[in-house]
Amino acid sequence: MVEDSLSSNAEFLSGWEMVVGLEVHCELKTRTKLFCGCMNAFGQEPNTSICPVCLGLPGSLPVINEHAVELAIRIGLALNCRVDESIFHRKNYFYPDMPKDYQISQYEKAINENGYLELPLSKKRVRIERAHIEEDTGKTTHVGGDGGRIHGAVHSLVDYNRAGIPLVEIVSAPDLRSAEEAREYVSELRSILVASGASDGKMEEGSLRVDANVSVRRSGSREFGTRCEIKNLNSLRSLGRAIAYEAERQVELIESGQVVVQQTRHWNEDQGVTTAMRSKEEAYDYRYFPEPDLVPLCPSKEWVSEIGSRIGLLPADRRKRLTSLFEGVESGSTFDQIVTVVGLGLDELVVGAVEGGADPRLALARAANEVAANMVNQANLSVEAFGELIKMESAGQLSATQAKTVLGKMLESGYRPQEVAASLGFEALDTAVLEALIDQVISTSPKEWERFSSGEDQLTGFFVGQVMKLSKGRADGKVVTAALHSRRA
Amino acid sequence: MPESISRKEVKHVASLAKLALSDEEELMYTDQLAAILDHARDIMALDTAKFAPTAHPLELNNVFRSDVEKASLDRDEVLSQAPASQDGRFVVPRILGEAP
Amino acid sequence: MTASTIGMSAFEIATLVRSKQVSAAEVTHEHLALVKARDGDLNSFLQISEEAALASAKAVDEMIAKGEDPGALAGVPIALKDNLVTRGISTTCASQILKAWKPPYDATVILKARAAGAVALGKTNLDEFAMGSSTENSSFGPTRNPYDLGRVPGGSSGGSAAAVAAKFAPIALGSDTGGSIRQPAALCGIVGVKPTYGLVSRYGLIAFASSLDQIGPFARNVKDAALLLQVIAGHDRMDSTSLGGPVPDLLSDIENGVEGLRIGVIEELIDGVSPMVGTALDSAANSLSAQGAQVEHLSVPAVKYGLSAYYLIAPAEASSNLARYDGVRYGLRVEGQDMNETYVASRTKGFGPEVKRRIMLGTFALSSGYYDAYYGRAQRVRTMIIDSFRKAYESFDVLLSPTSPTTAFELGAKAADPLSMYLSDVCTIPTNLAGHPAISVPYGEGENEMPIGVQILAPALGEANMFKVARALERGAPLIAKKLFWE
Ligand SMILES: [Mg+2]
Ligand SMILES: [Zn+2]
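First, a word on what this report is: a plain description of the structure on this page. Treat the numbers as computed from the prediction; the structure is a model and nothing was measured.

1. A few points about the pattern of salt bridges
Part 1: Overall, the coordinates contain 63 salt bridges over all chains when judged by the stated rule.
Part 2: Among the salt bridges present, the one from Arg-74 of chain A reaches Glu-70 of chain A, with a minimum N-O distance of 3.4 Å. One end of the pair, Arg-74 of chain A, and the other, Glu-70 of chain A, are both in helix 2 (residues 66-78), 4 residues apart, so they sit about a helical turn from each other. For the pair Arg-74 of chain A and Glu-70 of chain A, one class covers both residues: buried.
Part 3: Arg-475 of chain C is paired through a salt bridge with Glu-255 of chain C; the nearest N and O atoms lie 3.0 Å apart. One end of the pair, Arg-475 of chain C, is in helix 15 (residues 463-475); the other, Glu-255 of chain C, is in the loop between helix 7 (222-232) and strand 7 (262-266), with 220 residues separating them in the sequence.
Part 4: Overall, the relative accessible area of 38% leaves Glu-255 of chain C in the partly exposed class.

Quick look at the structure:
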């Protein structure tokens, strides 16, 4: 996950500190919705996954999906929370995407409270205040006016397929101090959600949505400034940019003698600015009260520990396991690749390939780059096939370029590397053919060979290039280099 | 005794509940709600500290359903009851302001 | 056909139908004809579902022809309060806001009654969203008392109570949040039951106050009421607050008498009742005592706070339950310039004054700065009441009180003063707060020769004892001499 740098922002903020807390809404990977048996699926025809319950029809009643509770508990355990008795409340407000005009959520007693998340690079612990269960809303589409925006729309269309999908809202303490940290937090949180099997973590499909509370204060100050909440940030990139912009905006306001007004703001991705959301004149008063249609959740100790035993390895341990395949990588590009691979849940692939005898560094690189770039087809790739490919590449049976091409086809088709290589005509060069090609190059460039032979290493590239050209890309650069050096000796 | 509810509060509560009141209604409801709340003063005098709040008359917990799909409703049947619909969706007038 | 089935009990009709002495179709036709001829004066039905009723009757007759048993309510006409959701049959809650709503599903109780062979005649009138004690708050006109058309039938299930009293159907379903089955049963001279909270599924009951609402039966005798409750009770996976475990057997012991039972008369609920209601209660207590029960007076001190707690808790829950009537997905929409205006216009036009009053009261009780003082406190008082009952039931099997402080009052008598109307529920409300069962049994006539009801209260799941006492009370009760309006 390579992101653009925000160093300019860090300079601008000298003398200031930003304080950020995040609220992350995560859709749980259940088969059905939180309170009814409608399918929990993305991209259905509008209003085809609805029933009396999730449509809030008069007389309908909610019944809690046990699996949703289990996934919520997994999240709590993975975030080191205290998992305890909880109840549901109603949060009352009118909005057309909410079928009952109240949201069933947890307010006083959340199922998960007081945990923490450790950032992978800095090892800083970000406190998690709570991770509670609630239901998602439907989706409104604005018609007419300014390109689908709410302002200026003539009317709106509502689809309730998403209404009632189980969410866990993860609320951090205001412990984050930079846009980078915020992104690292979300990225690590996403890895945890994916690794624990609670969510697919797809920000682009809205299964992970982030609201950021941002304030600024003078460096060294202990008091918090007035905060603004930026709603619905749906990529790591937007998150970083929005926070950086908002902090700058607040600093500028204060430095020019104005005050920050507490408000909810909207991030405009195209213009790169946050704008105040126009809201109704009255103050919100959600009138929370205990949901009388539901009874308390009292997970037994046995159930919680049984759930804990099913979670499997979390990202920190997964990274440790991968790191142990190398020597001394706690940072740097290899560590970045490890973070990426674990974040995308590709670590089993790498570990499996290495256990099967593949080269760790090569396996890691191919997973972090080529496989990561094609997550859609990842299911087509077996650990065995991936391992074989890495071994073929290491053995020089495939050049790096060929290996990447073969891997791409494997992801699309699910075929074995040998089959793909054969179909593409990527027969490995046999040693005799390679030696013949090298002879041919030496004979056409005798002067350069003399210089190379007497130790001018900078000519390695020239010779490798010539051999590759003659072989029409079939030769492996590393094998050619080795062959050239052994000739020289 | 101080008023238990003022006309201003009635106005506020009506706006939270999305109800419009005429001036006469505002006055009438202020009087009536005040009378009802005054009647409730008998419990204001009670020492209730030792009683936990009851949200629910049953001592039930952990009532779950299993994560199994059930048939959804027929969209046409549902939309036939809607005040307005278009392309399989419910139509609402323009919305001023995002969800709170 | 041998004789008219009008006025017969549910037991009698089911027996005749099952033994092929009369067809379900004949029973249905006969009852529908009476409703059509006489309900113009009473306004107990909002809608007669003739087609659906005849189809149900036909299905029952076909089963019988095939030698199958349609169930305990084979061919028995039943009236349904119009806050019970019926698929494809309009369900209005007597409100303009749901005037045209045709639900896409059936309430669990409807499915259970149908599965037992009952034939639903139609939907009965009620106070809008079950908020009221006289059925005058219906936006489709008030229901009248079948013993005196100038008087109210009570409420909110006034339509169901009046229909059963008028012999339009031997049984009916109602809902009871603060007395809405028992009080109209008392005022119409029939039996009405509020079961233990959770005994009957609320799935498909349009919510008024979720932690108090419970569906229950109306009948003209105790055994029919027990029979109907037996049919509709039981666990439902669609309702998280539905009790598990087997349904208590309500009929086996019902004739066994009250010998040795300890019955307490609640002193707090006698204060302020009309003289003849007070006399009737004494007479009821004497009758039970004469039948071998130990009857004593006792104090259940916290019940006097029931009304105050109820009028904070029920409106609070209602304010949230009724938010969904917003003109977006179903029901009335009055188009405004934007969404917010549309909400306001739809709800302002769609709800009547009592519903608005309670929505505002409940919104206030929950609102920021007032929650602890009002809603929170009322919840603590609720615990206090539960505790008070718990102590009472340490010494008594069931408790006795009037159902309503007065007999049926005249139409319009309390319309201008909501608080005086609320006071009609003072005897019935504590049971709802505790989640306990209670039954109202007719016990002769009082002021203006109008019927009086006596209430028997029992602890949670104490229905079997409650019915036993009710049956004993019924055996010793003076009859209602007054004629129905059409007799
Ligand atoms: Mg939330
Ligand atoms: Zn649903």
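Let us keep going from here.
2. Side note on the packing of helix 14 (residues 446-453) of chain A against helix 16 (residues 477-488) of chain A
All names here are of chain A.
Part 1: Following both chains from N to C, one finds helix 14 and helix 16 inclined at 80°, their axes separated by 10 Å at the closest point. Here helix 14 lies roughly perpendicular to helix 16, going by the angle between them. Across from Trp-449, Phe-452 and Ser-453 in helix 14, the residues of helix 16 making contact are Leu-484, His-485, Arg-487 and Arg-488.
Part 2: A class-by-class count of the residues in the contact of helix 14 with helix 16 yields 3 nonpolar, 2 polar and 2 charged.

3. Observations concerning the interface of chain C and chain B
Part 1: Each side of the interface is counted separately: chain C has 67 residues, and chain B has 53 residues.
Part 2: Interface area, chain C with chain B, both sides summed: about 5200 Å², of which 68% is carbon and sulfur.
Part 3: If you sort the residues of chain C by the area they bury against chain B, Met-360, Arg-377 and Arg-380 of chain C come out on top, with a joint share of 14%.
Part 4: Taken together, the connections running from chain C to chain B amount to 1 salt bridge.
Part 5: Those elements giving two or more residues to the side of chain C that touches chain B turn out to be helix 9 (306-321), helix 10 (339-350), helix 11 (353-366), helix 12 (372-395), helix 13 (418-422) and helix 14 (429-434) of chain C.
Part 6: Looking at the side of chain C that touches chain B element by element, the count peaks at 12 residues for helix 12 of chain C.

4. Details of the coordination of the magnesium ion (ligand 1)
Residues and elements named next belong to chain A.
Part 1: In the first shell of the magnesium ion (ligand 1), the protein supplies Glu-134 (OE), Glu-134 (OE) and Glu-169 (OE), at 2.0 to 2.6 Å from the metal. Placement of the pair is Glu-134 in strand 7 (residues 125-135) and Glu-169 in strand 10 (residues 166-172), with a sequence separation of 35 residues.
Part 2: You can call Glu-134 buried: its relative accessible area is 4%.

5. Some remarks on the environment of Ala-276 of chain A
Residue and element names in this part refer to chain A.
Part 1: Residue placement: Ala-276 occurs in strand 14 (residues 273-276).
Part 2: For the pair formed by Ala-276 and Arg-249, sequence separation is 27 residues and the distance between their alpha carbons is 12 Å.
Part 3: When sequence neighbours within four positions are dropped, the list of residues in contact with Ala-276 reads Gln-263, Thr-264 and Arg-265.

Calculation rules
Throughout, residues of each chain are indexed from 1 in the direction in which the sequence is written. For this description, chains carry letters from A and ligands carry numbers from 1, given in the order in which they are written. With pLDDT at 70 or above as the cut-off, local features in this predicted model cover only qualifying residues; side-chain atom pairs require 80 or more to be listed or tallied, and sums for whole chains, interfaces and linings still use all residues. Hydrogen atoms and water are omitted, and side-chain values are computed over all heavy atoms in the structure. One speaks of a salt bridge when a side-chain nitrogen belonging to Lys or Arg is within 4 Å of a carboxyl oxygen belonging to Asp or Glu. Starting at the N terminus, helices and strands are each numbered in turn, a helix being any DSSP run of H or I of at least four residues and a strand any DSSP run of E of at least two. Residue burial is assigned from relative accessible area. The probe radius is 1.4 Å, only protein chains are included, and a residue is buried under 20% of its type maximum, exposed over 50%, and partly exposed in between. Helix axes use the C-alpha atoms of the stretch in contact, all axes being lines fitted to C-alpha atoms, and the angles between their N-to-C directions lie in the range 0 to 180 degrees. Small angles under 35 degrees read as roughly parallel and large ones over 145 as roughly antiparallel, with 65 to 115 read as roughly perpendicular and the rest as oblique. Contacts are assigned to residue pairs that have any heavy atoms within 4.5 Å of one another. Just so you know the grouping, Ala, Val, Leu, Ile, Met, Phe, Trp, Tyr, Cys and Pro go in nonpolar, Asp, Glu, Lys and Arg go in charged, and all remaining residues, Gly too, go in polar. By definition, the buried area sums, over both parts, the 1.4 Å-probe accessible area that each loses when the two are put together. Donor criterion used throughout: N, O or S atom within 2.8 Å of the metal, extended to 3.2 Å for Na, K and Ca. Water excluded; incomplete-looking sites may result.

Functional significance is not addressed by these values, which are geometric in nature.
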